[in-house]
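# Structural overview for review
Here is what each chain is made of, one letter per residue.
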Amino acid sequence: MDFKELEKRLVAFRDARGWGRYHTPKNLAISAAVELGELLEHFQWESDEEILEAVKDPAKREAIADEIADVIIYLTLLAHELGIDLDEAVERKIEKNGRKYPIRI
Ligand SMILES: [Mg+2]
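Conventions and cut-offs
- Residues numbered from 1 in each chain as written.
- Predicted model: local features only at pLDDT ≥ 70, side-chain atom pairs only at ≥ 80, totals over all residues.
- Heavy atoms only, no water.
- Donors = N, O, S within 2.8 Å, 3.2 Å for Na, K, Ca; no water.
- Helix = DSSP H or I, 4+ residues; strand = E, 2+ residues; numbered from the N terminus.
- Buried < 20%, exposed > 50% of the residue type's maximum accessible area, 1.4 Å probe, protein only.
- Expected span 1.5 Å × (residues − 1).
- Polar contact = N/O pair within 3.5 Å; in protein donor to acceptor, adjacent residues only side chain to side chain.

The name given to the protein chain in an unreviewed UniProt entry is Nucleotide pyrophosphohydrolase, with the source organism recorded as Thermococcus siculi.

### Some thoughts on the coordination of the magnesium ion
Protein-derived ligands of the magnesium ion are E35 (OE), E38 (OE), E67 (OE) and D70 (OD), with the metal-ligand distances lying across 2.0 to 2.3 Å. As a motif over one chain, the donors of the magnesium ion read E-x2-E-x28-E-x2-D. Here E67 lies in helix α4 (residues 58-82) and E35 lies in helix α2 (residues 25-41), a separation of 32 residues in the sequence. Note on accessibility: E35 and E67 belong to one class, buried.

### Quick word on helix α5 (residues 86-100)
Here α5 contains 15 residues, and its C-alpha end-to-end distance of 20 Å stays within 8% of the 21 Å for a straight helix at 1.5 Å per residue. Capping the start of α5, D85 holds a side-chain oxygen 2.9 Å from the backbone nitrogen of D87, two or three residues further along.

Below, the structure is given as structure tokens:
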């Protein structure tokens, strides 16, 4: 699924439920940050080794995946409200990063 397809599905999902009026840029940005906080709760006080061990448990891995998905969902809706094409934005940013951090051998 590309970003445009994801955006279309998410907008249809929220519009079918009448949630569009709540989806202001500010509310969506806050919601993305809240969901990122929920993701971080899984990592709080854990070492990298403990986290990698924990995600071997399918239920734990799914719970973390749910929070990652929540962040992506809100950011996709935020980009939609701001008229930002995520396919273009991500591609452009990767190119910028490549110029900023050239490969040094
Ligand atoms: Mg969540």
